[in-house]
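# Examining the three-dimensional arrangement
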Amino acid sequence: SQQGEEDPQALSIQEGENATMNCSYKTSINNLQWYRQNSGRGLVHLILIRSNEREKHSGRLRVTLDTSKKSSSLLITASRAADTASYFCATVSVSSYKLIFGSGTRLLVRP
Amino acid sequence: DTGVSQNPRHKITKRGQNVTFRCDPISEHNRLYWYRQTLGQGPEFLTYFQNEAQLEKSRLLSDRFSAERPKGSFSTLEIQRTEQGDSAMYLCASSGELQETQYFGPGTRLLVL
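What counts as what
Residues numbered from 1 in each chain as written. Chains lettered and ligands numbered in written order. Predicted model: local features only at pLDDT ≥ 70, side-chain atom pairs only at ≥ 80, totals over all residues. Heavy atoms only, no water. Disulfide = S-S within 2.5 Å. Helix = DSSP H or I, 4+ residues; strand = E, 2+ residues; numbered from the N terminus. Buried < 20%, exposed > 50% of the residue type's maximum accessible area, 1.4 Å probe, protein only. Contact = heavy atoms within 4.5 Å. Pairing = 2+ DSSP bridges. Axes fitted to C-alpha atoms, helices over the stretch in contact; angles between N-to-C directions. Buried area = accessible area lost by both parts, 1.4 Å probe. Salt bridge = Lys/Arg side-chain N within 4 Å of Asp/Glu carboxyl O. Polar contact = N/O pair within 3.5 Å; in protein donor to acceptor, adjacent residues only side chain to side chain. Nonpolar A, V, L, I, M, F, W, Y, C, P; charged D, E, K, R; others polar. Core = buried A, V, L, I, M, F, W, Y, C linked by side-chain atoms within 4.5 Å.

### Remarks on the state of the cysteines
A full pass over the atoms with the stated rule returns two disulfides over all chains. Disulfide pairing is shown between A:Cys23 and A:Cys89; the S-S distance is 1.9 Å. Handedness of the A:Cys23-A:Cys89 disulfide follows from its S-S torsion of about 65 degrees: it is right-handed. Within this pair, whereas A:Cys23 is found in strand β3 (residues 19-24), its partner A:Cys89 is found in strand β9 (residues 85-92), the two being separated by 66 residues in sequence. Across the pair, A:Cys89 and A:Cys23 agree in class, each one buried. The residue that forms a disulfide with B:Cys23 is B:Cys92, at a sulfur-sulfur distance of 1.8 Å. On the S-S bond that ties B:Cys23 to B:Cys92, the torsion sits near -65 degrees, and the link is left-handed. Pair noted here: B:Cys23 is in strand β3 (residues 19-24) and B:Cys92 is in strand β9 (residues 88-95), with a separation of 69 residues, a long-range link.

Structure (structure tokens):
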């Protein structure tokens, strides 16, 4: 079974707008990662945030982590049509290297 | 292209047949993972190798599933006596000794008729 839930399940925005996706998880973690998946393709790693970090940036991506609430958010600024994809958060616990994925957010960026 | 390759990319089989998938990880990576993803869901962990040793298996990995990594390089995932419920995308990923990031292959899409 999956670690947690992502919210919203689907998001439709206009190009140029910001997109925010939220992820909640259940157990203690070592780190949390965000992945992107284009339809029917493999996953691409976007960003990793460790349990002792609160915020991280990479290009147009901003990730926050609140371990007290067991939640994370991914912000994509100035979205582009090419950002259309499914976005998954995944956690790594302190006792295993495996990724435990959320259910994903399907993002549609309208040109 | 992440450098992880999987073959075949697509497989259609009849219920009851055996299928085998192959994963070639990034050459210097010693960790290799298998995941399964059904439509509209996130990937679910199946099993993980460090070099040739299979260190962790999910309860999802029934007796019909077996995975090997004989020389610590490529890996195979075999499903025996396939069932319609086995229809899914099977994803392979690899990571290096000091890396936390996993690099995913394009996946093998299995359809069991």
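### Some details on the environment of A:Ile13
All names here are of chain A. With respect to the helices and strands, Ile13 occurs in strand β2 (residues 10-14). For Ile13, a relative accessible area of 6% translates into the label buried. For Ile13 and Val109, which are 96 residues apart along the polypeptide, the C-alpha to C-alpha distance reads 5.1 Å. Apart from residues no more than four positions distant in its own chain, Ile13 is found in contact with Asn18, Ala19, Ser79, Leu107, Leu108, Val109 and Arg110.

### Topic: the pairing of strand β11 (residues 105-110) of chain A
Residue and element names in this part refer to chain A. Only one face of β11 is buried: it carries Thr105, Leu107 and Val109, and the other face, with Arg106, Leu108 and Arg110, is open. Sheet topology note: the β2/β11 ladder contains five bridges and is parallel. The residue bridging Ala10 from the neighbouring strand is Arg106, located in β11.

### Quick word on the sheet that holds strand β7 (residues 61-66) of chain A
Residue and element names in this part refer to chain A. Read from one edge to the other, the open sheet built from five strands follows the order β1-β3-β8-β7-β6, with strand pairing classed as antiparallel. Here the strands that pair on one side only, and so sit at the sheet edges, are β1 (5-7) and β6 (55-58). Taken over all neighbouring pairs, the strand axes of this sheet differ in orientation by 15 degrees on average, direction set aside. Inspection of the sheet shows β3 paired to strand β8 (residues 71-76) by six bridges, in the antiparallel sense. Bridging across to β8, Met21 finds its partner in Leu74.

### A closer look at the interface of chain B and chain A
Contacts between the two partners involve 22 residues from chain B, matched on the other side by 22 residues from chain A. Between chain B and chain A lies a buried interface of about 1800 Å² when both sides are counted; carbon and sulfur atoms form 49% of it. Its largest share of buried area at the contact with chain A, chain B owes to B:Pro43, B:Glu100 and B:Phe104, together 28% of the area lost on that side. Scanning the region where chain B abuts chain A turns up two salt bridges. Viewed at the interface, chain A and chain B are joined by 10 residue pairs in polar contact (both at pLDDT 80 or more). For the side of chain B that touches chain A, the secondary-structure elements that each account for two or more residues are β4 (31-37), β5 (44-50) and β9 of chain B. When the residues that make up the side of chain B that touches chain A are grouped by side-chain class, the tally is nine nonpolar, eight polar and five charged.

### Topic: the nonpolar core
Judged by nonpolar contacts, the single largest core of 20 residues is most densely connected at A:Met21, A:Leu32, A:Trp34, A:Leu74, A:Ile76, A:Tyr87 and A:Leu107. Of all the secondary-structure elements, those providing two or more residues to this core are β3, β4 (31-37), β5 (43-50), β7, β8, β9 and β11 of chain A. Aside from chain neighbours lying at most four places away, what touches A:Ile76 is A:Glu17, A:Asn18, A:Ala19, A:Met21, A:Arg60, A:Leu61, A:Asp83, A:Tyr87 and A:Leu107. B:Val19, B:Leu61, B:Leu77 and B:Val112 belong to the second largest nonpolar core, which has 19 residues in total.

### Details of unusual backbone geometry
The linkage connecting A:Asp7 with the following residue, A:Pro8, adopts the cis geometry, with an omega of -5 degrees. Turning to its location among the elements, A:Pro8 is positioned in the loop between β1 and β2. Of the consecutive residues B:Asn7 and B:Pro8, the connecting peptide bond is found in the cis state with omega at -10 degrees. Checked against the element boundaries, B:Pro8 lands in the loop between β1 (5-7) and β2 (10-13). Positioned with a positive phi, A:Lys70 is a non-glycine residue whose angle comes to about 50 degrees. Locating A:Lys70 in the fold gives a position in the loop between β7 and β8. Positive phi outside glycine occurs at A:Ala78, with the angle close to 45 degrees. With respect to the helices and strands, A:Ala78 occurs in the loop between β8 and β9.

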